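Understanding the architecture of this molecule
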Amino acid sequence: LHGDVKALEACLRAADVVGESGQWCAERGTLVMSCGDVLDRGPQDWECLELLHSLRGEARAAGSDVAMILGNHEHMNLLGDFSYVNDDAA
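Here is a short report on the structure shown in this document. (Residues numbered from 1 in each chain as written. Predicted model: local features only at pLDDT ≥ 70, side-chain atom pairs only at ≥ 80, totals over all residues. Heavy atoms only, no water.)

In terms of helices and strands, the protein chain carries three helices and two strands. Starting at the N terminus, the α and β elements of the protein chain follow one another as α-β-α-β-α. At 13 Å, the protein chain has a C-alpha radius of gyration in line with the 12 Å of a compact globule built from 90 residues. For the C-alpha atoms alone, the extent of the protein chain along its principal axes is close to 40 × 20 × 15 Å. A burial count over the protein chain gives 34% of its 90 residues as buried. In the protein chain, the share of contacts with a sequence separation of at least 24, taken over all contacts with a separation of at least 6, comes to 69%. Of the roughly 5400 Å² of accessible surface on the protein chain, 54% is carried by carbon and sulfur atoms. Of the charged side chains in the protein chain, 6 are positive and 16 negative, and the gap between their average positions amounts to 7 Å. (Helix = DSSP H or I, 4+ residues; strand = E, 2+ residues; numbered from the N terminus. Rg over C-alpha atoms; globule rule 2.2 N^0.38 Å. Buried < 20%, exposed > 50% of the residue type's maximum accessible area, 1.4 Å probe, protein only. Contact = heavy atoms within 4.5 Å. Areas by Shrake-Rupley, 256 points an atom, 1.4 Å probe, with all protein chains shown as cover. Lys, Arg positive; Asp, Glu negative; His and termini not counted. Charge placed at Lys NZ, Arg CZ, Asp CG, Glu CD.)

Dropping the structure here:
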């Protein structure tokens, strides 16, 4: 995703876990797994994180879940390596 919220929204719609309004619509028991690299390169890091966290709440209320693991870009940021951080990121 690398900070591209439009790509995230498109992936979620393509997987039929959110509707056109962006609200959770998947069947009970659905698990969406984000495998990291949500951050860096794109300007919308924060928006991507907010969307995933918001959907986690909606999913859990519907008997499903959104899980997130750290990718190499999240690890790099934690270690103080910001070489891929987009200057326009919020």
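Our focus in this paragraph is the packing of helix 1 (residues 5–14) against helix 2 (residues 45–61). Two elements in contact, helix 1 and helix 2, have axes whose closest approach is 9 Å; the angle formed by their N-to-C orientations is 30°. The angle between helix 1 and helix 2 places the two elements in the roughly parallel class. As helix 1 runs across helix 2, the sense of the crossing is right-handed. The residues of helix 2 that touch helix 1, namely those facing Val5, Leu8, Glu9 and Leu12, are Glu47, Cys48, Leu51, Leu52 and Leu55. Looking at the contact of helix 1 with helix 2 residue by residue, the class counts come to seven nonpolar, no polar and two charged. (Axes fitted to C-alpha atoms, helices over the stretch in contact; angles between N-to-C directions. Parallel < 35°, antiparallel > 145°, perpendicular 65-115°, else oblique. Left-handed = near helix turned anticlockwise from the far one by under 90°. Nonpolar A, V, L, I, M, F, W, Y, C, P; charged D, E, K, R; others polar.)

All right, on to the pairing of strand 1 (residues 31–34) then. Across the two faces of strand 1 the burial differs, with Val32 and Ser34 buried and Leu31 and Met33 not buried at all. As defined by bridge partners, strand 1 adjoins strand 2 (residues 65–68) across four bridges and the pair is classed as parallel. The residue bridging leucine 31 from the neighbouring strand is aspartate 65, located in strand 2. (Pairing = 2+ DSSP bridges.)

If you check helix 2, its first and last C-alpha atoms are 25 Å apart, about what 17 residues at 1.5 Å a residue would give, namely 24 Å. By the burial criterion, the buried members of helix 2 are Asp45, Cys48, Leu51, Leu52, Leu55 and Ala59. Axial view of helix 2: buried residues confined to an arc of 130°, hence all on one face. Opposite the buried face of helix 2, by more than 90 degrees, sit the exposed residues Trp46 and Ala61. Against the buried residues of helix 2 lie helix 1, strand 1 and strand 2. Within two residues after helix 2, glycine 63 carries a phi angle of roughly 80°, on the positive side. (Expected span 1.5 Å × (residues − 1). Arc of directions from axis to C-beta.)

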